[in-house]
Amino acid sequence: MRPILLFILLNIALQTFAQKVILKGKVTINNNPLEYATVALAGTRHGTTTDAQGMYEIKNITPGDYVAVYSSVGYQSNRVKITLAGSAIPTVLNIELKESNSRLSEVVVTGVSRATELRSNPVPIVVMSKKEIDQNVNNNIIDAIVKGIPGVTAVTTGPNISKPFIRGLGYNRVLTLYDGIRQEGQQWGDEHGIEIDQYGIARAEVIKGPASLTYGSDALAGVINLIPYIPNGADGKLNGDIIADYHTNNGLIGSSLGLSYKKGDWKYAFRATGKMAHNYRNKIDGPVYNSSFQEYVLSGMARVDKKWGYTQFVSTTYENKQEIPDGSRDSLTRKSTVQVAEAANDDIRNRPVASAKYLIDYGVTPLHQHIQHYRLYNKTEIKLGDGLFNTALGWQQSIRREYNHPTRPQQAGLFVTLNTLNYDARYSPPIFAGLETSFGVNGIYQTNRSKDATDFPIPDYNLFDIGGFFFAKKTIGKTNISGGVRYDTRDISWNDFYVGPNPANGFDKRLSKTDAGAKLQFPNFKHTYHGISGSLGFTYNISERLLLKANIARGYRAPNITEIGSNGLDPGAHIVYLGNRSFSPEFSLQEDLGFIAYLKDADFMVEAFNNHIQNYIYQSRLDDANGNPVIIVPDNTTYQYRQSKARLYGAELTLNLHPQGMNWLAFNNSLAYVVGINQNDALIKQSNGAAKYLPFIPPVHVRSEVKVKLPGTYGSFSKVYFRTEADIYSAQNKFYALNDTETATPGYTLINAGIGSTLVHKSGKPICELFLQADNLFDVAYQSNLNRLKYFEYYQSSPNGRLGIYNIGRNLSFKVIVPF
């Protein structure tokens, strides 16, 4: 009996082994190999990606009938029915993909466990390509995203400082990523940008809504993932590009050199960028004194791709010297004035007028901020059978100095160093019975230290953050269902922090408890915050071109350091911040509903959202009992933080017309609408309705563009396009009026235009890309309600009836990209 049983078992084992087959082949685009294309057998755990030669191979497949799905970013997915018969000879299937005009087929990597098509992701997410970024020439990358993605806005402090907001929420509620690594650089500050090289970004992915499930705290409003270029040229050949950029309004001169090299499995990239600009101007203020900047960035990457996966090392250095205007000017002529004295010796109404030299000089004045950011990280992906194990480990250092003492220009008022360790580990098991899962942990460890300074708005704190998550996704017929849950914990602490007079310079300095004159600025603090977040959503594919999406997500955000710990002047912001250490974490519950149609002659998209936030934290100007502003530091405004319930709701609508019979013409339109309601009923009643709305809420924004693309080549010019657009902002009368924290903002319309082309050699090889753009073509004088400089004013009235600083006037920009 035993020999018979052994024979049967052995026969079954041999048959089972013999039944396993191999599918292999090559994926191309225009007969060229396509790297990183995804190949998967629908409804199974089998899948892989193509290598540098476009080759793929899937092993250990049970014979049967399958649907093989081939997809890649920017290309139409190809679904092929195949029958795999039991054979020792691999089945070969070569596929040619075509470029896609439908963004539903684009693949995203932000907020998902694996690369995922937009059509199967219920979370509102938008992709912006390098081509679109290049065509929206701007002073910084955030402004380019604002122009291209409805629902994204920015709080600005001059042309080079833009803090991203998504659907009315910003600062530490919007998480900015660089290549999937969270950017850490004192995001609570108003007066500096995101510290990333705009010329080195290959694409941007924006999540509009809570993304705490994947990223934990600080992603309550959404995520902006800026993805740098990965080399993919010919083997053994040095490639690159030279970028030159010039703007007429503030004289911006930008230049960037990018190099890439690929040899076998290894890829290398390097980029060096420099930008400088003098003061910007508008027809109300003329040149806006102290708004110039200098910026320098270096970045390098080394990556190796093997059959087991890949590993990638990246290093970046960023340096920025940025002036910050304070709004002081002559009361009669309204010309900008210069601070030359301090405290009681500084008579703001009798400051000297800024000389013409200062107004057009590329140099940086003594009163400026100096920001340095260093980053080193590694990302690794290991293929474990049909599963994926991904890790990310990074270190960042942000050094921030603000020089605000005209009598001692070498003495920093603010000097803080922030060190951050990022970590992320996640595992995506093989797809089982059509169920895609992922789980992992990520977080940060952070320390902040004040150095040789005179102002101390925040304490020296230590922070440790960790969160674990589980995500699952399943396709049932035409419906994709996905969701997950996450738990976070964040520990933050600091010791007693004493300050006192410094006899050497007459300002304050940090002291020990036993030093003479020491006063306690920050009493010690230790607290642990906890949060549970998650999401659940579905997409229903009505057809290949019609899609319905719905999602509900709970977001979580622990209070940031200024909200719980601040007690002092931020010189660059000209604000004294007062925090509240009793604050609780914010929790949001947002519902999203969207309908998307990518038709032959038109694209139509409407996305509506409703967001309830518990323990919403916001700033409010501090006034005394008589309604007068509380002045703690002369010539600086005092703001305190408040907390209450809040609700934000709104929608984005996009309608793009591109008739097939007129494929040279496109008419693109979008509308974004958001309302922010403060649900602190007692405060609203007490203030007679002045506190009804939330601060920093953008008005209704309509953008309408006509674009003409000329087919063919005209001498040396190909891919010629013309575009003109109207950027329409309605009046914002729903603002946070308590204590004049905000004021009403009139509506305005900006007309922009652009032209671009590729200059080609007789052989057809590109020589360079050319972009000419005119923004605010008719030089409209306007103030955005998200422009912080609107409130930089020392007088109650002015001879021209205008108060505050206005936004940038007409600007012509010229950009050239030379590939090699």
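Rules behind the numbers
Residues numbered from 1 in each chain as written. Predicted model: local features only at pLDDT ≥ 70, side-chain atom pairs only at ≥ 80, totals over all residues. Heavy atoms only, no water. Helix = DSSP H or I, 4+ residues; strand = E, 2+ residues; numbered from the N terminus. Rg over C-alpha atoms; globule rule 2.2 N^0.38 Å. Contact = heavy atoms within 4.5 Å. Areas by Shrake-Rupley, 256 points an atom, 1.4 Å probe, with all protein chains shown as cover. Buried < 20%, exposed > 50% of the residue type's maximum accessible area, 1.4 Å probe, protein only. Polar contact = N/O pair within 3.5 Å; in protein donor to acceptor, adjacent residues only side chain to side chain. Phe/Tyr/Trp six-rings, centres within 6.5 Å; stacked < 30°, edge-to-face > 60°. Lys NZ or Arg CZ within 6 Å of the ring centre and 35° of its normal. Core = buried A, V, L, I, M, F, W, Y, C linked by side-chain atoms within 4.5 Å. Pairing = 2+ DSSP bridges. Axes fitted to C-alpha atoms, helices over the stretch in contact; angles between N-to-C directions. Salt bridge = Lys/Arg side-chain N within 4 Å of Asp/Glu carboxyl O.

A. A look at the overall build of the chain. In terms of regular secondary structure, the chain is built from seven helices and 48 strands. Compactness check: the chain gives a C-alpha radius of gyration of 28 Å against a globular reference of 28 Å for 820 residues, within 12% of the reference. With respect to the principal axes defined by its C-alpha atoms, the chain has extents near 105 × 70 × 50 Å. Contacts in the chain between residues far apart in sequence, at least 24 positions, make up 66% of those at least 6 positions apart. Per element, the accessible surface of the chain, about 34400 Å² overall, is 59% carbon and sulfur.

B. Expanded view of the side chain of Glu 725. Within the fold, Glu 725 resides in strand β45 (residues 717-729). The class of Glu 725 is buried, set by a relative accessible area of 3%. Within the structure, the side chain of Glu 725 is placed 2.8 Å from the side chain of Arg 703, a separation counted as a polar contact.

C. Quick peek at the packing of aromatic side chains. The final tally for this structure, using the stated rule, is 18 aromatic pairs. Seen in terms of ring centroids, Tyr 423 and Phe 464 are 6.4 Å apart; in terms of plane orientation they differ by 15°. Their pairing is stacked. Of this pair, Tyr 423 sits in strand β29 (residues 414-428) while Phe 464 sits in strand β31 (residues 461-476); the two residues are 41 residues apart in sequence, bridging distant segments of the chain. Here the aromatic rings of Tyr 618 and Tyr 736 are separated by 5.3 Å at their centres, their planes lie at 75°, and the arrangement is edge-to-face. Placement of Tyr 618 in strand β41 (residues 602-621) and of Tyr 736 in the loop between β45 and β46 (748-760) is noted, with a sequence separation of 118 residues between them. The pair Tyr 618 / Tyr 736 is uniform in exposure class, with both members buried. A connected cluster of aromatic rings, assembled from ring pairs, spans Phe 165, Tyr 171 and Phe 696. We note Arg 375 situated over the ring of Tyr 178; from NZ or CZ to the ring centre the distance is 4.4 Å. Between the NZ or CZ atom of Lys 707 and the centre of the ring of Tyr 721, over which it lies, the distance is 4.8 Å.

D. How the structure looks around unusual backbone geometry. Of note in the backbone geometry, Asn 615 takes a positive phi value of approximately 65° without being a glycine. Summarising the element assignment, Asn 615 is placed in strand β41. Residue Asn 615 is classed as partly exposed on the basis of its relative accessible area of 26%. With a phi angle near 55°, Asp 779 is a residue other than glycine that sits in the positive phi range.

E. Region of interest: helix α3 (residues 141-148). When you tally the buried positions in α3, you get seven out of eight residues, the bulk of the element. Ile 141, Ile 142, Asp 143, Ala 144, Ile 145, Val 146 and Lys 147 are the residues of α3 that are buried. Put simply, Asn 140 is the residue that caps the front of α3, since its side-chain oxygen is 3.1 Å from the backbone nitrogen of Ile 142.

F. Expanded view of the environment of Gly 756. Here Gly 756 lies in strand β46. Distance from Gly 756 to Leu 772, taken between C-alpha atoms, is 6.2 Å for residues 16 residues apart in sequence. In this structure, Gly 756 is in contact with Lys 719, Val 720, Tyr 721, Leu 770 and Phe 771, ignoring residues within four places of it in sequence.

G. How the structure looks around the nonpolar core. Formed by 45 residues in total, the largest nonpolar core has its most connected members in Ile 141, Ile 142, Ile 145, Ile 224 and Leu 226. Here this core gets five residues from one element, more than from any other, and that element is α3. Beyond its immediate stretch of four places on either side in the chain, Ile 224 contacts Ile 142, Ile 145, Pro 164, Ile 166, Val 174, Leu 175, Thr 176, Leu 177, Glu 205 and Val 206. Counting residues in hydrophobic clusters, the runner-up holds 30 residues, among them Ile 399, Tyr 403, Leu 463 and Trp 494.

H. Molecular detail of the sheet that holds strand β7 (residues 78-84). Strand order in the open sheet made by the four strands is β4-β3-β6-β7, with antiparallel pairing throughout. The sheet is open, and its two edges are formed by β4 (47-49) and β7, each paired on a single side. Within this sheet the neighbouring strands show an average axis-to-axis angle of 20°, counted without direction. Alignment of strand β3 (residues 38-41) against strand β6 (residues 64-71), held across four bridges, turns out to be antiparallel. By the bridge assignment for β6, Val 39 is matched with Tyr 70.

I. Representation of the environment of Gly 555 in the model. Its place among the elements puts Gly 555 in strand β37 (residues 546-557). Judged by relative accessible area, which is 0%, Gly 555 ranks as buried. The spacing of Gly 555 and Gly 809 is 254 residues in sequence and 39 Å in space, taken between C-alpha atoms. Not counting residues within four places of it along the chain, the set of residues in contact with Gly 555 comprises Pro 210, Ser 212, Leu 220, Ser 533, Glu 586, Phe 587 and Ser 588.

J. Focus on the pairing of strand β36 (residues 525-541). When strand β32 (residues 479-494) meets β36, the two strands line up antiparallel, connected through 16 bridges. Each residue of the ladder has a partner; that of Asn 480, found in β36, is Thr 539. In terms of strand pairing, β36 meets β37 through eight bridges, oriented antiparallel. Paired with Gly 534 across the strands is Arg 554, a residue of β37. Where β36 hands over to β37, the hairpin turn is made up of four residues, counted between the paired strands.

K. Fine view of the sheet that holds strand β13 (residues 152-156). In space, the three strands of this open sheet follow the order β13-β14-β15, with antiparallel pairing throughout. Looking at which strands have only one partner, the edges of the open sheet turn out to be β13 and β15 (169-170). In this structure, β13 lies alongside strand β14 (residues 162-166), joined through five bridges in antiparallel fashion. Bridge pairing links Val 152 to Ile 166 in β14.

L. Region of interest: the pattern of salt bridges. In total, this model carries 35 salt bridges according to the counting rule given. Measuring nitrogen to oxygen at the nearest pair gives 2.8 Å for the salt bridge that ties Arg 703 to Glu 725. In this pair, Arg 703 is assigned in strand β44 (residues 701-714) and Glu 725 in strand β45, connecting sequence segments 22 residues apart. Close ionic contact of Arg 723 with Glu 725 constitutes a salt bridge, the shortest N to O distance being 3.4 Å. Across the pair, Glu 725 and Arg 723 agree in class, each one buried. Each member of the salt-bridge network shares a partner with another, and the members are Arg 167, Lys 208, Asp 592, Glu 607 and Glu 652.

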